[in-house]
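What the coordinates show
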Amino acid sequence: MAQHWTEVIPSDHYTVALNGLLHDYDRKILVFLYQPLIGTIAYSLYMTLWMEVEENRIWSSSSRNHHGLMSMMDLSLKEIYEARKKLEGIGLLKVYVKEGENREFIYQLQPPLSPSTFFLDGMLNIFLYKKIGKTQYTRLKRFFSDEEYSNLHLDYKDVTTAFHEVYTSGHQLAKEYNDDLSVSPKGEWVDRMEAGKIQIPWQTFNFSLLEAGLSESLVPRKALTQTVKDAISNLAFLYDIDVMEMKNILISAMNEDDEVEMDELRKSARDWYQMNHRDELPSLITQTQPVHSLSITEKPKSKEEELIQYFDTTSPIQFLKDLSGGRNLQKRN
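Keep in mind that this is a model prediction, so the values were computed, not measured.

**Comments concerning the overall build of the protein chain**
- Across its full length, the protein chain carries 14 helices and four strands.
- The long-range fraction of contacts in the protein chain, counting pairs at least 24 apart against all pairs at least 6 apart in sequence, stands at 70%.
- With an accessible surface of roughly 21,900 Å², the protein chain has 50% of that area assigned to carbon and sulfur atoms.

**Topic: unusual backbone geometry**
- Even without being a glycine, Asp240 presents a positive backbone phi close to 55°.
- Mapped onto the secondary structure, Asp240 falls in the loop between helix H10 (226–239) and helix H11 (243–252).
- Its relative accessible area of 42% is what places Asp240 among the partly exposed residues.
- Although it is not a glycine, Asp279 adopts a positive phi angle of roughly 65°.
- Examined against the element boundaries, Asp279 turns out to sit in the loop between helix H12 (262–276) and helix H13 (303–313).
- Take Asp279: its relative accessible area is 61%, and that puts it in the exposed class.

**Quick notes on the sheet that holds strand E2 (residues 64–65)**
- On the basis of which strands lie adjacent, the open sheet formed by four strands has the order E2-E1-E4-E3 and mixed pairing. Both edges of this open sheet fall to E2 and strand E3 (93–98), since each of them pairs with a single strand only.
- Sheet topology places E3 next to strand E4 (residues 104–109); six bridges connect them, and they run antiparallel. Of the residues in E4, the one forming a bridge with Val97 is Phe105.
- Set on the sheet, helix H2 (residues 24–51) makes contact with strand E1 (13–18) and E4; between it and E4 the angle comes to about 100°.

**Structural notes on the pattern of salt bridges**
- What the rule picks out here adds up to 11 salt bridges.
- One salt bridge in this structure joins Glu104 and Lys98, with 3.9 Å as the shortest N-O distance.
- Assessed through its relative accessible area of 52%, Lys98 is described here as exposed.

**Details of empty space enclosed by the protein**
- A full pass over the atoms with the stated rule returns two cavities of 30 Å³ or more.
- Each pocket or cavity is described by its volume, and for the second largest cavity that value is around 60 Å³.
- Val8, Leu45, Leu49, His66, Leu77, Ile80, Tyr81, Arg84, Leu93 and Tyr107 are the residues that line the second largest cavity.
- Those elements giving two or more residues to the lining of the second largest cavity turn out to be H2 and helix H4 (77–89).
- Broken down by class, the residue content of the lining of the second largest cavity amounts to eight nonpolar, one polar and one charged.

**Observations concerning the environment of Arg27**
- Here Arg27 lies in helix H2.
- Relative accessible area serves as the criterion here: at 29%, Arg27 is assigned to the partly exposed category.
- In the structure, Arg27 is positioned 85 residues away from Pro112 in sequence and 9.1 Å away in space, judged by C-alpha atoms.
- In this view, Arg27 contacts Met47, Trp50 and Met51; residues no more than four positions away in its chain are not counted.

**With respect to the nonpolar core**
- Tyr34, Ile232, Leu250 and Leu265 are the most contacted members of the largest nonpolar core, which totals 77 residues.
- For Ile232, the contacting residues outside a window of four places in its chain are Phe205, Phe207, Leu210, Leu224, Met246, Leu250 and Leu265.

**A closer look at the confidence of the model for the protein chain**
- Here the protein chain averages 84 in pLDDT, and 79% of its residues register 70 or above.
- Here residues 291–297 is modelled with pLDDT under 50, and outside its nearest four sequence neighbours on either side it reaches 16 contacts, counting other chains as well.
- In the model, residues 329–333 has pLDDT below 50 throughout and makes 11 contacts with residues more than four positions away in sequence or in other chains.

**Describing a nonpolar patch on the surface**
- Together, Phe163, Val166 and Tyr167 make up a nonpolar patch on the protein surface, roughly 380 Å² of accessible area in all.
- By relative accessible area, which is 51% here, Tyr167 ends up exposed.

**Considerations on the environment of Trp50**
- You can see Trp50 is positioned in helix H2.
- Expressed as a C-alpha distance, the spacing of Trp50 and Leu18, which sit 32 residues apart in the sequence, is 7.8 Å.

Basis of the calculations
Residues numbered from 1 in each chain as written. Predicted model: local features only at pLDDT ≥ 70, side-chain atom pairs only at ≥ 80, totals over all residues. Heavy atoms only, no water. Helix = DSSP H or I, 4+ residues; strand = E, 2+ residues; numbered from the N terminus. Contact = heavy atoms within 4.5 Å. Areas by Shrake-Rupley, 256 points an atom, 1.4 Å probe, with all protein chains shown as cover. Buried < 20%, exposed > 50% of the residue type's maximum accessible area, 1.4 Å probe, protein only. Pairing = 2+ DSSP bridges. Axes fitted to C-alpha atoms, helices over the stretch in contact; angles between N-to-C directions. Salt bridge = Lys/Arg side-chain N within 4 Å of Asp/Glu carboxyl O. 1 Å grid on protein atoms, 1.4 Å probe; cavity = no way out; pocket = protein on both sides within 12 Å on 5 of 7 lines; lining within 4 Å. Points joined across faces, edges and corners; volume = space filled by probe spheres on them. Nonpolar A, V, L, I, M, F, W, Y, C, P; charged D, E, K, R; others polar. Core = buried A, V, L, I, M, F, W, Y, C linked by side-chain atoms within 4.5 Å. pLDDT = per-residue confidence, 0-100. Patch = residues over 30% accessible without salt bridge, like charges linked within 9 Å, V, L, I, M, F, W, Y side chains within 5 Å.

Dropping the structure here:
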């Protein structure tokens, strides 16, 4: 991750935008489902940026500099930058920058996933379960669900009147109205947008090697749809599964119609991980230490400080790769 002072300085300006309206229900989702994963500082940054946009608008009224944001949140620029990265990584923030004499940013807040999508995500829900435990996780599932509608109305029948039974259409329209009825506005609709799910890029997994090791009779190429490949990429990242293990997991998830059962694929991957990690689940960790834990907070001035900063800002996996000369590490059972 780049050092914050090369990416943003206090005098840089920013404008806040929303990718569609955010609602009060989103606050509960952010507090209970996202905050345990991103921490209180990142959550506070999201809420602070949100509050800069007036109600029922999708753009803040003016730009501000980061020095004002630092004062507002009583945080250093480094802490704000690290929190920003957490929001970006988990899909809650998109950042756009215009370079020039004075750098200008657009911070576009993204809506959180709906509870149903979050709990069926296959990655974020696993990290949340690991973070808060079974009891709290079960409580949150109950909090964000309710008794099925159909069970509440077994003795009722639908007598709702249809649109065409109430209304009719007149067929006289003045020509001068045509311009007013154009499909698009001059600006942008103030509307609710769907949240984007977390997706690990395909390039992070060697699909060519996977396909080369699969028998067409066991796993036809047509079974590797985009949905399946998306799931494989996420599962490989989540559980650190290599190509050979993924091949066995994929085969175990095939059904008699030569299709991949997505629930079975996720379950087989989870079972494989727990079998090799004493029934544990993976944790969500940042690739570098949090800012408040860093030993060197400024640009290193000596070889010793460079070494200390390296250990502070290098993930364990990257350290082992560097130690082995850049070779990919192979897991051992």
